[in-house]
Amino acid sequence: YVGDLLIDRRGGKHRTDIDAATAPATGEGAGSGSAMFLGAVLDGVRFDGIDLSGDDLTGSSFLECEFADLRAHETQLRATTLTDVVFRRLDAPALSAARSRWRDVELSESRIGSLDLAGATWQSVLIRGCKLGFVNLRGADIGNVVVEHCTIDELDLGAATAARVTFIGTRIGTLDLSGARLSAVDLRGADLHRITNLPGLAGSTMDDAQVQALATS
(Lines give C-alpha, C1' and ligand atoms only; values in the text may rest on other atoms or scores of the structure.)
Protein backbone atom coordinates (compact mmCIF):
# COMPACT_ATOMS: atom_id res chain seq x y z
CA TYR A 1 0.00 0.00 0.00
CA VAL A 2 0.89 3.68 -0.34
CA GLY A 3 -1.06 5.67 2.23
CA ASP A 4 -4.77 4.97 1.75
CA LEU A 5 -4.61 5.32 -2.04
CA LEU A 6 -3.00 2.18 -3.34
CA ILE A 7 -5.01 -0.90 -4.08
CA ASP A 8 -3.99 -4.20 -2.58
CA ARG A 9 -2.82 -6.29 -5.53
CA ARG A 10 -4.64 -9.24 -3.95
CA GLY A 11 -7.98 -7.55 -4.59
CA GLY A 12 -8.85 -5.36 -1.59
CA LYS A 13 -9.58 -1.74 -2.45
CA HIS A 14 -10.09 1.70 -0.93
CA ARG A 15 -12.49 4.10 -2.64
CA THR A 16 -11.38 7.68 -2.07
CA ASP A 17 -11.44 11.22 -3.43
CA ILE A 18 -8.29 13.33 -3.72
CA ASP A 19 -8.55 17.09 -4.10
CA ALA A 20 -6.20 20.05 -3.80
CA ALA A 21 -6.63 20.13 -0.03
CA THR A 22 -5.91 16.44 0.59
CA ALA A 23 -3.33 15.69 -2.11
CA PRO A 24 0.03 14.66 -0.61
CA ALA A 25 3.16 16.61 -1.51
CA THR A 26 6.72 15.38 -1.59
CA GLY A 27 8.94 18.39 -1.63
CA GLU A 28 9.20 21.81 -3.19
CA GLY A 29 7.28 22.13 -6.45
CA ALA A 30 5.71 18.70 -6.14
CA GLY A 31 2.17 18.19 -7.33
CA SER A 32 0.43 15.35 -5.53
CA GLY A 33 3.55 13.35 -4.84
CA SER A 34 5.34 11.53 -7.65
CA ALA A 35 7.06 9.17 -5.21
CA MET A 36 3.66 7.95 -4.02
CA PHE A 37 2.20 7.35 -7.51
CA LEU A 38 5.23 5.96 -9.35
CA GLY A 39 4.23 2.43 -10.38
CA ALA A 40 1.04 2.65 -8.29
CA VAL A 41 -2.15 0.69 -8.89
CA LEU A 42 -5.26 2.77 -8.15
CA ASP A 43 -8.88 1.70 -8.45
CA GLY A 44 -11.97 3.89 -8.16
CA VAL A 45 -10.16 7.10 -7.18
CA ARG A 46 -11.46 10.55 -8.11
CA PHE A 47 -8.86 13.31 -8.49
CA ASP A 48 -10.44 16.78 -8.28
CA GLY A 49 -8.61 20.05 -8.90
CA ILE A 50 -5.10 18.79 -8.16
CA ASP A 51 -1.76 19.62 -9.74
CA LEU A 52 0.36 16.71 -10.98
CA SER A 53 2.79 18.95 -12.89
CA GLY A 54 6.27 17.46 -13.03
CA ASP A 55 5.20 14.23 -11.32
CA ASP A 56 6.44 10.86 -12.57
CA LEU A 57 3.64 8.29 -12.83
CA THR A 58 5.60 5.93 -15.09
CA GLY A 59 4.23 2.39 -15.04
CA SER A 60 1.19 3.27 -12.92
CA SER A 61 -2.24 1.71 -13.46
CA PHE A 62 -5.58 3.50 -13.09
CA LEU A 63 -8.85 1.55 -13.10
CA GLU A 64 -12.26 3.25 -13.00
CA CYS A 65 -10.71 6.58 -12.01
CA GLU A 66 -11.85 10.12 -12.75
CA PHE A 67 -9.68 13.21 -13.15
CA ALA A 68 -11.44 16.60 -13.03
CA ASP A 69 -9.81 20.04 -13.38
CA LEU A 70 -6.36 18.45 -13.44
CA ARG A 71 -3.15 20.40 -14.08
CA ALA A 72 -0.50 18.09 -15.56
CA HIS A 73 2.33 20.09 -17.16
CA GLU A 74 5.26 17.78 -18.00
CA THR A 75 3.67 14.95 -16.05
CA GLN A 76 5.18 11.59 -17.01
CA LEU A 77 2.59 8.95 -17.89
CA ARG A 78 4.95 6.70 -19.82
CA ALA A 79 3.87 3.03 -19.91
CA THR A 80 0.83 3.75 -17.73
CA THR A 81 -2.35 1.69 -18.04
CA LEU A 82 -5.68 3.55 -18.10
CA THR A 83 -8.86 1.45 -18.00
CA ASP A 84 -12.35 2.95 -17.63
CA VAL A 85 -10.85 6.38 -16.93
CA VAL A 86 -12.40 9.82 -17.46
CA PHE A 87 -10.43 13.06 -17.85
CA ARG A 88 -12.41 16.32 -17.73
CA ARG A 89 -10.89 19.78 -18.12
CA LEU A 90 -7.30 18.57 -18.14
CA ASP A 91 -4.79 21.40 -18.62
CA ALA A 92 -1.31 20.44 -19.78
CA PRO A 93 1.06 22.55 -21.90
CA ALA A 94 3.11 19.36 -22.36
CA LEU A 95 2.25 15.78 -21.39
CA SER A 96 4.24 12.59 -22.00
CA ALA A 97 2.32 9.30 -22.28
CA ALA A 98 4.49 7.29 -24.66
CA ARG A 99 3.82 3.52 -24.70
CA SER A 100 0.77 4.01 -22.48
CA ARG A 101 -2.30 1.77 -22.79
CA TRP A 102 -5.78 3.32 -22.92
CA ARG A 103 -8.98 1.25 -22.87
CA ASP A 104 -12.46 2.75 -22.42
CA VAL A 105 -11.09 6.24 -21.79
CA GLU A 106 -12.81 9.61 -22.23
CA LEU A 107 -10.91 12.89 -22.55
CA SER A 108 -13.17 15.95 -22.69
CA GLU A 109 -13.07 19.76 -22.45
CA SER A 110 -9.29 19.68 -22.16
CA ARG A 111 -6.39 21.78 -23.43
CA ILE A 112 -3.05 20.10 -24.16
CA GLY A 113 -0.22 21.85 -25.98
CA SER A 114 1.97 18.84 -26.78
CA LEU A 115 0.78 15.27 -26.18
CA ASP A 116 3.35 12.52 -26.71
CA LEU A 117 1.63 9.17 -27.29
CA ALA A 118 4.32 7.49 -29.38
CA GLY A 119 3.89 3.71 -29.35
CA ALA A 120 0.69 3.95 -27.30
CA THR A 121 -2.27 1.58 -27.52
CA TRP A 122 -5.79 3.02 -27.66
CA GLN A 123 -8.95 0.89 -27.58
CA SER A 124 -12.41 2.45 -27.25
CA VAL A 125 -11.32 6.05 -26.66
CA LEU A 126 -13.50 9.18 -26.89
CA ILE A 127 -11.90 12.62 -27.34
CA ARG A 128 -14.54 15.35 -27.10
CA GLY A 129 -14.46 19.14 -27.04
CA CYS A 130 -10.68 19.41 -26.68
CA LYS A 131 -8.14 21.91 -27.98
CA LEU A 132 -4.91 20.07 -28.77
CA GLY A 133 -1.67 21.36 -30.20
CA PHE A 134 0.72 18.65 -31.35
CA VAL A 135 -0.51 15.07 -30.88
CA ASN A 136 2.17 12.44 -31.47
CA LEU A 137 0.63 9.02 -32.13
CA ARG A 138 3.57 7.83 -34.19
CA GLY A 139 3.85 4.06 -34.08
CA ALA A 140 0.67 3.78 -32.01
CA ASP A 141 -2.03 1.11 -32.34
CA ILE A 142 -5.50 2.64 -32.09
CA GLY A 143 -8.98 1.18 -32.59
CA ASN A 144 -12.59 2.18 -31.94
CA VAL A 145 -11.75 5.85 -31.44
CA VAL A 146 -14.06 8.86 -31.79
CA VAL A 147 -12.70 12.41 -31.98
CA GLU A 148 -15.59 14.86 -31.68
CA HIS A 149 -15.73 18.67 -31.83
CA CYS A 150 -12.00 19.14 -31.30
CA THR A 151 -9.28 21.37 -32.69
CA ILE A 152 -5.93 19.70 -33.39
CA ASP A 153 -3.06 21.77 -34.76
CA GLU A 154 -0.96 18.77 -35.82
CA LEU A 155 -1.81 15.06 -35.68
CA ASP A 156 1.08 12.67 -36.34
CA LEU A 157 -0.08 9.15 -37.26
CA GLY A 158 3.22 8.22 -38.86
CA ALA A 159 3.78 4.42 -38.81
CA ALA A 160 0.60 4.07 -36.73
CA THR A 161 -2.08 1.41 -37.15
CA ALA A 162 -5.58 2.89 -36.94
CA ALA A 163 -8.86 0.98 -37.31
CA ARG A 164 -12.45 2.17 -36.85
CA VAL A 165 -11.59 5.80 -36.12
CA THR A 166 -14.20 8.53 -36.66
CA PHE A 167 -13.76 12.30 -36.70
CA ILE A 168 -16.83 14.48 -36.08
CA GLY A 169 -16.77 18.28 -36.37
CA THR A 170 -13.01 18.35 -35.84
CA ARG A 171 -10.45 20.71 -37.36
CA ILE A 172 -7.00 19.29 -38.09
CA GLY A 173 -4.27 21.69 -39.19
CA THR A 174 -1.75 19.09 -40.36
CA LEU A 175 -2.29 15.33 -40.62
CA ASP A 176 0.87 13.26 -41.04
CA LEU A 177 0.20 9.79 -42.47
CA SER A 178 3.76 8.77 -43.31
CA GLY A 179 3.80 4.97 -43.17
CA ALA A 180 0.36 4.83 -41.54
CA ARG A 181 -1.89 1.79 -41.94
CA LEU A 182 -5.55 2.79 -41.88
CA SER A 183 -8.70 0.67 -41.85
CA ALA A 184 -12.25 2.05 -41.66
CA VAL A 185 -11.02 5.54 -40.73
CA ASP A 186 -13.83 8.06 -41.35
CA LEU A 187 -12.44 11.50 -42.16
CA ARG A 188 -15.68 12.97 -43.51
CA GLY A 189 -16.28 14.93 -40.32
CA ALA A 190 -12.77 16.40 -40.30
CA ASP A 191 -11.81 19.84 -41.59
CA LEU A 192 -8.40 18.95 -43.05
CA HIS A 193 -6.03 21.77 -43.94
CA ARG A 194 -2.88 19.84 -44.86
CA ILE A 195 -2.08 16.15 -45.31
CA THR A 196 1.44 14.75 -45.41
CA ASN A 197 1.90 11.55 -47.45
CA LEU A 198 -1.34 11.22 -49.42
CA PRO A 199 -0.85 7.46 -50.09
CA GLY A 200 -1.37 6.99 -46.35
CA LEU A 201 -5.05 7.81 -46.91
CA ALA A 202 -5.67 4.26 -48.16
CA GLY A 203 -8.25 2.68 -45.88
CA SER A 204 -9.96 5.97 -45.07
CA THR A 205 -13.26 7.51 -46.20
CA MET A 206 -13.55 11.11 -47.38
CA ASP A 207 -16.42 13.08 -48.90
CA ASP A 208 -16.46 14.54 -52.40
CA ALA A 209 -15.58 18.04 -51.23
CA GLN A 210 -12.52 16.78 -49.37
CA VAL A 211 -11.33 14.77 -52.36
CA GLN A 212 -11.80 17.75 -54.68
CA ALA A 213 -9.90 20.00 -52.27
CA LEU A 214 -6.99 17.54 -52.28
CA ALA A 215 -7.01 17.39 -56.06
CA THR A 216 -6.73 21.16 -56.36
CA SER A 217 -4.27 21.74 -53.53
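Everything here concerns the structure above.
Residues numbered from 1 in each chain as written. Predicted model: local features only at pLDDT ≥ 70, side-chain atom pairs only at ≥ 80, totals over all residues. Heavy atoms only, no water.

### Structural notes on the layout of surface pockets
Then step 1. There is about 190 Å³ of room inside the largest pocket.
Then step 2. Lining the largest pocket we find A190, D191, L192, H193, R194, I195, L198, M206, Q210, A213, L214 and S217.
Then step 3. Only β18 (190–196) and α2 (208–216) provide two or more residues apiece to the lining of the largest pocket.
Then step 4. Examining the composition of the lining of the largest pocket, we find that six residues originate from one element, β18, more than from any other.
Then step 5. Partitioned by chemical class, the residues of the lining of the largest pocket number seven nonpolar, three polar and two charged. (1 Å grid on protein atoms, 1.4 Å probe; cavity = no way out; pocket = protein on both sides within 12 Å on 5 of 7 lines; lining within 4 Å. Points joined across faces, edges and corners; volume = space filled by probe spheres on them. Helix = DSSP H or I, 4+ residues; strand = E, 2+ residues; numbered from the N terminus. Nonpolar A, V, L, I, M, F, W, Y, C, P; charged D, E, K, R; others polar.)

### Quick word on the sheet that holds strand β8 (residues 91–96)
Then step 1. If you trace the seven strands from one edge of the open sheet to the other, you get β6-β8-β10-β12-β14-β16-β18, paired in parallel fashion. The sheet terminates laterally at β6 (75–76) and β18, the two strands that pair on one side only.
Then step 2. As paired elements, strand β14 (residues 151–156) and strand β16 (residues 170–176) share five bridges and run parallel to each other. Bridge pairing in β16 places D156 opposite D176. (Pairing = 2+ DSSP bridges.)

### A closer look at the pattern of salt bridges
Then step 1. What the rule picks out here adds up to nine salt bridges.
Then step 2. The salt bridge partner of R138 is D176, with a shortest N-O separation of 3.4 Å. In this pair, R138 is assigned in the loop between β12 (131–136) and β13 (141–148) and D176 in strand β16, connecting sequence segments 38 residues apart.
Then step 3. With a relative accessible area of 35%, R138 lands in the partly exposed category.
Then step 4. Judged by its relative accessible area of 13%, D176 falls in the buried class.
Then step 5. It is possible to trace a salt-bridge network through shared partners that takes in R46, D48, E66 and R88. (Salt bridge = Lys/Arg side-chain N within 4 Å of Asp/Glu carboxyl O. Buried < 20%, exposed > 50% of the residue type's maximum accessible area, 1.4 Å probe, protein only.)

### What about the side chain of T170?
Then step 1. Mapped onto the secondary structure, T170 falls in strand β16.
Then step 2. One polar contact links the side chain of T170 to the main-chain carbonyl oxygen of I168, over a distance of 3.1 Å. (Polar contact = N/O pair within 3.5 Å; in protein donor to acceptor, adjacent residues only side chain to side chain.)

### Some remarks on the packing of aromatic side chains
Then step 1. In this structure the tally under the stated criterion is six aromatic pairs.
Then step 2. Arranged with centres 5.5 Å apart and planes meeting at 70°, the rings of F62 and F67 form a pair that is edge-to-face.
Then step 3. Between W102 and W122, the aromatic rings sit 5.1 Å apart at their centres with planes inclined by 35°, giving tilted as the arrangement. Linking W102 in strand β9 (residues 101–108) with W122 in strand β11 (residues 121–128), this pair joins segments that are 20 residues apart in sequence. One exposure class covers both W102 and W122, and it is buried.
Then step 4. Aromatic ring contacts, followed pair by pair, group F47, F62, F67, F87, W102 and W122 into a single cluster. (Phe/Tyr/Trp six-rings, centres within 6.5 Å; stacked < 30°, edge-to-face > 60°.)

### Some points on empty space enclosed by the protein
Then step 1. What the rule picks out here adds up to three cavities of 30 Å³ or more.
Then step 2. Of the voids in this model, the largest cavity is the one considered here, and its volume is about 130 Å³.
Then step 3. What lines the largest cavity is a set of 16 residues, and nearest its centre among them are W122, V135, L137, V147 and L155.
Then step 4. Only β9, β11, β12, β13, β14 and β15 (161–168) provide two or more residues apiece to the lining of the largest cavity.
Then step 5. Taken together, the residues of the lining of the largest cavity sort by class into 16 nonpolar, no polar and no charged.
Then step 6. Taken as a whole, the second largest cavity holds about 60 Å³ of empty space.

### A short note on the pairing of strand β7 (residues 81–88)
Then step 1. Pairing geometry for strand β4 (residues 61–63) and β7, over three bridges, is parallel. Its bridge partner lying in β7, L63 is registered against T83.
Then step 2. Across three bridges, the pairing between strand β5 (residues 66–68) and β7 is parallel. Across the sheet, the residue bridging to A68 is R88, located in β7.

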